[in-house]
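Each chain is listed here by its residues.
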Amino acid sequence: MAGILLVEDDPSVRTALELALTRQGHSLTSYATGEEALEHIRSRRPEIAILDVMLPGIDGVEVCRRIRRLDQLPVILLTARGDDLDVVVGLEAGADDYVVKPVEPRVLDARIRAILRRAESATSDRITFGELVIDRGALKVTLAGKEIHLTPTELRLLLELVRHPGQVLNRRYLLREVWDHTHVADSRLVDACVQRVRAKIEPVPAEPVFIHTVRGFGYRFSPP
């Protein structure tokens, strides 16, 4: 199963999650600080990182930012209940998903498996929209011949939009198909991910030509 990097400074929470995830069949390495986690990633890349937001020293959001500068490693944040600011800042930093504390191990396990399915799911065809080329088999996106590095979640979102060119896909649909979520409260996952994808594939992200917002409904992929 997944090689997980867990970063949680509370020893009791860390131990409980270690036991629960190990029982689910995952291979897991855990640390108490962001500094230790970054050092680990440099020497041994995990399949997914789970970061507590409130870490001593380098916090979880900053760890996520530093990961994103170099890697598209999937990231799940552990956030305090009701702290919307943590969620928004974390998603803007590039997190793929979040789980609210106290963490229910089954929920976390489901999120882990969903993210890994996104990384693995693809069909072996190549789609071209002008200078934007999406190779589903190779999980590779290029724009004007230059490779665009997308996280598994970003790629899955783009592929889902591309599957329905010209159609408006609402947030609830995208949450279900991309994140395996059903809660309307998680809709900001969609908005943050769309912003990140636009920043990578749109010539001018503020004036998108590929992914269009249909206010009050959702998003539409309409290539020029």
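Here we summarise the structure given alongside this text. These numbers were taken from a predicted model, which means no experiment stands behind them.

Cut-offs and rules
- Residues numbered from 1 in each chain as written.
- Predicted model: local features only at pLDDT ≥ 70, side-chain atom pairs only at ≥ 80, totals over all residues.
- Heavy atoms only, no water.
- Pairing = 2+ DSSP bridges.
- Helix = DSSP H or I, 4+ residues; strand = E, 2+ residues; numbered from the N terminus.
- Axes fitted to C-alpha atoms, helices over the stretch in contact; angles between N-to-C directions.
- Buried < 20%, exposed > 50% of the residue type's maximum accessible area, 1.4 Å probe, protein only.
- Arc of directions from axis to C-beta.
- Contact = heavy atoms within 4.5 Å.
- Parallel < 35°, antiparallel > 145°, perpendicular 65-115°, else oblique.
- Left-handed = near helix turned anticlockwise from the far one by under 90°.
- Nonpolar A, V, L, I, M, F, W, Y, C, P; charged D, E, K, R; others polar.

1. Thoughts on the sheet that holds strand β10 (residues 168-170)
Reading across from one edge, β10-β12-β11 is the order of the 3 strands in this open sheet, with antiparallel pairing throughout. This sheet does not close on itself; its edge strands, each paired only once, are β10 and β11 (211-214). Within the sheet, the average angular offset between the axes of one strand and its neighbour, ignoring direction, is 35°. For β10 and strand β12 (residues 218-221), the ladder comprises 3 bridges, and the chain directions are antiparallel. Within β12, the position partnered with Asn170 by the bridge is Gly218.

2. Notes on helix α2 (residues 34-43)
Inspection of α2 places Gly34, Ala37, Leu38, His40 and Ile41 among the buried residues, and these make up the whole buried set. One face of α2 carries all of its buried residues, which in axial projection span an arc of 160°. Among the exposed residues of α2, those oriented more than 90 degrees off its buried face are Arg42 and Ser43. The secondary structure elements touched by the buried residues of α2 are β1 (3-7), β2 (27-31) and α3 (60-70).

3. Brief notes about the packing of helix α6 (residues 152-162) against helix α7 (residues 171-179)
When two helices pack together, you describe them by how their axes are tilted relative to each other and by the distance separating the axes. Two elements in contact, α6 and α7, have axes whose closest approach is 10 Å; the angle formed by their N-to-C orientations is 125°. With respect to their mutual orientation, α6 and α7 come out oblique. Considering how the two elements wind past one another, α6 and α7 form a crossing that is right-handed. When α6 is examined against α7, the residues Thr153, Arg156, Leu157, Glu160 and Leu161 are found in contact with a partner set consisting of Tyr173, Leu174, Glu177, Val178 and Trp179. Classifying every residue of the contact of α6 with α7 gives 6 nonpolar, 1 polar and 3 charged.

4. Some words on the pairing of β12
Sheet topology note: the β11/β12 ladder contains 4 bridges and is antiparallel. The residue of β12 that forms the bridge with Val214 is Gly218. Linkage of β11 to β12, two consecutive antiparallel strands, is achieved through a turn of 3 residues, within which Gly216 is found at a positive phi near 85°.

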